[in-house]
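# Secondary and tertiary structure notes
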Amino acid sequence: MSSELRPTPGGRPAFREASDPRALLRIALLSGLGLFVELLFIRWLDAQVRPLAFVKNLPLIASFLGLGLGYGSPDRPRRFADAGGLLLAAVLVAGLASDMSGGGTVAFGPVGSEVNVGARQVESWQELLAFVLSIGGAFTLVVFGTFPFGQAAARSMRGTATLPAYSANLLGSLAGVGCAVALSSLAAPLWWNAVLAFLATASLVVETRGARVTTLVVGAMTSLAMAAQDHPTPRSFRVWSPYNKIEVRETTPSRRPGQPTPPPEFSVYVQSLYHQAMFAASPERWPDLPRLQAEARRHYDRPYNHLRPKRVLVLGAGTGNDVAAALRNGAELVDAVEIDPEILRVGMRLHPDAPWADPRVRAVVDDARAFLQRPGPSYDLIVFGTLDAHLGFYSSVASSIRLDNYVYTVEAFRSALARLSPDGVVYAFVYIERPWVASRLAVVIEEAWGSPPFMRPLARTKDGAAFVFGPGAASYAVSAGLREGLAAEERLRHPPGPLATDDWPFLYLRGRSVPPVIVGAAVLVLIAAAFLTRGLLGGAVALDRHFFFLGAGFLLVETRTIAQLALLFGTTWRVSAVAIGAILAAALLANALVTRVGPLRRGPLYAALCVSLVAGVLAPMKLFLGAGPVAAAGAVALLALPVVFSSLVFASSVSRAAMLPRVLASNLIGGVLGGVLENLSVVVGISALGLVAVAVYAASWPSGKEEVPGLGSAS
């Protein structure tokens, strides 16, 4: 049963409620497949192509553009459908070719002073060209790799009423997210995702028998190559966590004739960058440690040289080196918090000192900041391990906040101080390549504590600094010979810049400005988007201004919502997954309401949307942190309102449109602009993204009798 247009008293087009269930099922399957492939591309390229760490949300923006272009051109060019499997393979093979297994190569880019971990500045035009080609190639491949999935979904919507088709689109998107999250929760390697993607592409996207055979053959070869990359060797193996690609290599030296068996040691790499070594340090088990391991043991033992705490909290426990140090030094209880469950499992399985088997240790898989904010016991010592996400050289506020974003802020250190016993101490060791980062941390801690922290300064240009503060810090510092705060000349030589706060948590950005590499990438993305839109859509489809800016505004709302939910509940994969699912569910409920009662008046909806966005700026999240479940529920409601009202605006507008695919094309391509604008958070802060969204939504206000080719009335 196909849907057909019929007039309404208001003169607007409308559709019959009924639609063919088989058509709706196909729409849902193709929509879910498109989102599943998008998430596969994002995770795969983030792990494999290290230069993308400089422009973290580039695969997301490219996916929006590719899907949007596909929705906008269901019939031109037709060859893309049969090439779907080949284009999917091209993206995955590019990631294979870019892999830097074992951290053998560091990434480089046109960085300034913002970089802190594992990168160096380009030193020649050849390196600059390689950087541009790598990120430009990844962007282009993702655009064309997602295009066939948008195009296939657009074809499936022919003859189907807009609102039922949109509901099917949203249900399929929810299923696609759910499938990706389920595999991630199982720590499944990404070749599992690839196998599912190729099978679904062969079944749903490609149209000829020959193309199906080609897709299955190429898919099998690509998936096998990905699986071979993950295949363990006698001295190494790889696992995939919900956050990272984790590689473990045994680095124990060979036993020499006549020498005792050396203690075991393992190196852990995250996203192909060195993360930490698991080494033997127990004096009972290994009384004669090699020099390097003895030096490493002294590093981890430093917090305890002048302190004998009974209750210890380790934040960023990793594989267990800090935990083992606490046990060596007589701790009676150790709470060890680690956000990545697979890194924790690696430590439980392989750490030579077996700290996790000790009954004094309680392992907690959680975000460090979220753990601090919840009610709990007090501690004599809180150790900040080297909590660095290794996910990006610049903090990203796109689809995934850096895991360490909210750990080194004024409010985070206040939360740590609130969990100390009357004579407790916080010992924070931070890896630092830029001296001004140490200056900023000293000022941030002083703002939180009310006094300058005691510091163990950097020993080399690229090393680390230890900060000691809390009620027992003064007596500790006297015993340890630590200095207090920054010297005046250091403050002048390395000015700290703006404070890192929960609203501006960008510790490794020098100031409130978008880094030049991000500005350059944004300009190139907008130029490429305009060029590709013109080239693929031509004059056959004109983007609708209303839906274009609705897409840009919604991505800003989504970004701010996920970022602030992460602050409330932790930057964990579960929080992000629930947030994305809830946003899609809100859109689905809004569509169901409009289907039942008809399109709602735009004026009141726009007014409510703008008021809710402004309210989110005037009532920052710090008002709700640690204030109990009722306050947390109020914060969630405040964050949900813009999502609800923007979804009602969109659903009401969709009900007036004649062709859903081209509506979605405008909306998704508008998301490219939203992805570029979200970088303004490093200038205005995360909360103020709501004001940017207000301006974008104002630009989306439709004119009176606007007619757009192929879309029908947009007013």
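To be clear, the structure that these remarks concern was listed above.
Bear in mind that the values here come from a model prediction, so they are computed numbers and not experimental data.

The rules behind each value
- Residue indices begin from 1 for each chain and proceed along its sequence in written order.
- Reporting of local features is limited, given that this is a predicted model, to residues whose pLDDT is at least 70; pairs of side-chain atoms are given and counted only at 80 or more, and all residues count toward the totals for whole chains, interfaces and linings.
- Only hydrogens and water are removed before side-chain values are computed, so all heavy atoms of the structure are retained for them.
- A helix here means a DSSP run of H or I that spans at least four residues, while a strand means a run of E at least two residues long, and both kinds are numbered starting from the N terminus.
- Whether a residue is buried, partly exposed or exposed follows from its accessible area with a 1.4 Å probe, protein chains only, as a fraction of its type maximum: under 20%, in between, or over 50%, in that order.
- Contacts between residues were defined by any pair of non-hydrogen atoms, one from each residue, lying within 4.5 Å.
- Areas reported here follow the Shrake-Rupley algorithm with a probe of radius 1.4 Å; residue values treat only the protein chains shown as occluding.
- Pairing of N or O atoms within 3.5 Å defines a polar contact, subject to two protein rules: one partner must be a possible hydrogen donor and the other a possible acceptor, and residues neighboring in sequence count only if both atoms are side-chain atoms.
- Residues forming no salt bridge and having over 30% relative accessible area are the ones grouped into patches, like charges within 9 Å of each other and nonpolar side chains (Val, Leu, Ile, Met, Phe, Trp, Tyr) within 5 Å.
- Salt-bridge detection follows one rule: a side-chain nitrogen of Lys or Arg within 4 Å of a carboxyl oxygen of Asp or Glu.
- Two strands qualify as a pair provided that DSSP identifies no fewer than 2 bridges between them.
- The path from the first strand over the helix to the second decides the hand: if it runs clockwise while the strands point away from the viewer, the crossover is right-handed.
- Within this scheme, the nonpolar core is defined by two criteria: the residues are buried Ala, Val, Leu, Ile, Met, Phe, Trp, Tyr or Cys, and they are joined through side-chain atoms within 4.5 Å.
- Under the pairing criterion, centres of Phe, Tyr and Trp rings, with the six-membered ring standing for Trp, must be within 6.5 Å; the plane angle then separates stacked pairs below 30 degrees from edge-to-face pairs above 60, leaving the rest tilted.
- Convention adopted: a line fitted to C-alpha atoms gives each axis, helices being fitted over their contacting stretch, and angles between N-to-C directions are expressed from 0 to 180 degrees.
- For this classification, under 35 degrees means roughly parallel, over 145 means roughly antiparallel, 65 to 115 means roughly perpendicular, and everything else is oblique.
- Handedness of a crossing is defined here by the sense of rotation of the near helix relative to the far one, left-handed for an anticlockwise turn of less than a right angle and right-handed for a clockwise turn.
- Ten residues, namely Ala, Val, Leu, Ile, Met, Phe, Trp, Tyr, Cys and Pro, are considered nonpolar, four, namely Asp, Glu, Lys and Arg, are considered charged, and the remaining ones, Gly among them, are considered polar.

## A short note on the overall build of the protein chain
In terms of helices and strands, the protein chain carries 24 helices and 18 strands. Across the 715 residues of the protein chain, 60% fall into the buried class. Within the protein chain, contacts between residues at least 6 apart in sequence are counted, and of these 77% link residues at least 24 apart. Here the protein chain displays about 27,700 Å² of accessible surface, and carbon together with sulfur accounts for 63% of that area.

## Comments concerning helix α11 (residues 341–350)
For the α-helix, the turn length of 3.6 residues means that residues three or four positions removed from each other point alike. The buried fraction of α11 is high, at seven of 10 residues. Within α11, burial applies to P341, E342, I343, L344, V346, G347 and L350. Between the side-chain oxygen of the N-cap and the backbone nitrogen of E342 there are 3.0 Å, and the N-cap of α11 in question is D340.

## Regarding a nonpolar patch on the surface
On the surface, a cluster of nonpolar side chains totalling about 360 Å² of accessible area is made up of V519, V523, L524 and I527. By secondary structure assignment, the location of I527 is in helix α17 (residues 516–537).

## A closer look at the pairing of strand β10 (residues 333–338)
Of all six residues in β10, five are buried, a share of seventy percent or more. Here five bridges tie strand β9 (residues 311–315) to β10, and the two strands are oriented parallel to one another. In the strand pairing of β10, V312 is matched with V334. Between the parallel elements β9 and β10, the chain passes through helix α10 (residues 321–328) in a crossover that is right-handed. Here β10 runs beside strand β11 (residues 361–365); their pairing, made up of five bridges, is parallel. Considered in β11, the bridge of A336 is made with A363.

## Observations regarding the nonpolar core
The biggest cluster of nonpolar side chains holds 134 residues, and the ones touching the most others in it are L65, L69 and L92. In this structure L69 touches V143, F147, L532, T533, L536, L537 and I669, once residues within four positions along its chain are discounted. Core analysis: the next-biggest nonpolar cluster, separate from the first, contains 38 residues, Y379, V410, V437 and I445 among them.

## Quick notes on the packing of aromatic side chains
Taken as a whole and judged by the stated rule, the model has 16 aromatic pairs. Residues Y408 and F413 carry aromatic rings whose centres are separated by 6.4 Å and whose planes lie at 45° to one another, so their mutual orientation is tilted. According to the relative accessible area criterion, Y408 is buried, its value standing at 2%. F413 sits in the buried class, given a relative accessible area of 1%. A centroid spacing of 5.5 Å and a plane angle of 90° characterise the contact between F413 and F469, whose relative ring orientation is edge-to-face. Remark: F469 occurs in strand β15 (residues 463–469) and F413 occurs in helix α13 (residues 410–418); sequence separation between them is 56 residues.

## A few points about the packing of helix α1 (residues 21–48) against helix α2 (residues 58–72)
Axis separation between α1 and α2 bottoms out at 9 Å; the angle between their running directions is 150°. In terms of orientation, α1 lies roughly antiparallel with respect to α2. Crossing angle aside, the handedness with which α1 passes α2 is right-handed. The residues of α2 that touch α1, namely those facing S31, G34, E38, I42 and D46, are P59, L60, S63, F64, L67 and Y71. For the contact of α1 with α2, the per-class residue count stands at six nonpolar, three polar and two charged.

## Overview of the environment of A521
Position of A521 relative to the elements: it lies in helix α17. According to the relative accessible area criterion, A521 is buried, its value standing at 12%. With 385 residues separating them along the chain, A521 and G136 place their C-alpha atoms 8.9 Å apart.

## Section: the packing of helix α4 (residues 84–98) against helix α5 (residues 125–156)
Interhelical geometry of α4 versus α5 gives an angle of 150° and a closest axis separation of 8 Å. Overall, the two elements α4 and α5 adopt an arrangement that is roughly antiparallel. The handedness of the crossing between α4 and α5 is left-handed. Each of G84, L87, A90, V91 and A94 in α4 lies in contact with α5, whose residues at this interface are L141, V142, F144, G145 and P148.

## Remarks on the sheet that holds strand β8 (residues 273–279)
Strand order in the open sheet made by the four strands is β5-β6-β7-β8, with antiparallel pairing throughout. In the strand order of this sheet, the two ends are held by β5 (236–240) and β8, each with one partner. When strand polarity is set aside, the average angle formed by the axes of neighbouring strands in this sheet is 20°. Where strand β7 (residues 265–270) and β8 come together, six bridges link them in antiparallel fashion. Along β8, the bridge assignment pairs F266 with M278. Contacts from α1 reach β5 and β6 (245–250), with the element oriented near 145° to β5.

## Considerations on the side chain of S415
Here S415 is to be found in helix α13. With sequence-adjacent residues up to four places away left out, S415 is seen in contact with R369, L372 and Q373.

## A few points about the pattern of salt bridges
According to the stated counting rule, one finds 12 salt bridges in the structure shown. For R328, the salt bridge identified is with D301, shortest N-O distance 2.9 Å. Of this pair, R328 sits in helix α10 while D301 sits in helix α9 (residues 291–301), and the two are 27 residues apart along the sequence. Overall, R328 belongs to the partly exposed group, its relative accessible area being 24%. With a closest N to O distance of 2.9 Å, R360 and D358 form a salt bridge. We classify R360 as partly exposed; its relative accessible area is 30%. Judged by relative accessible area, which is 19%, D358 ranks as buried. Put simply, D230, R238 and E247 are held in one network by salt bridges that share partners.

Keep in mind these values describe shape, not function.
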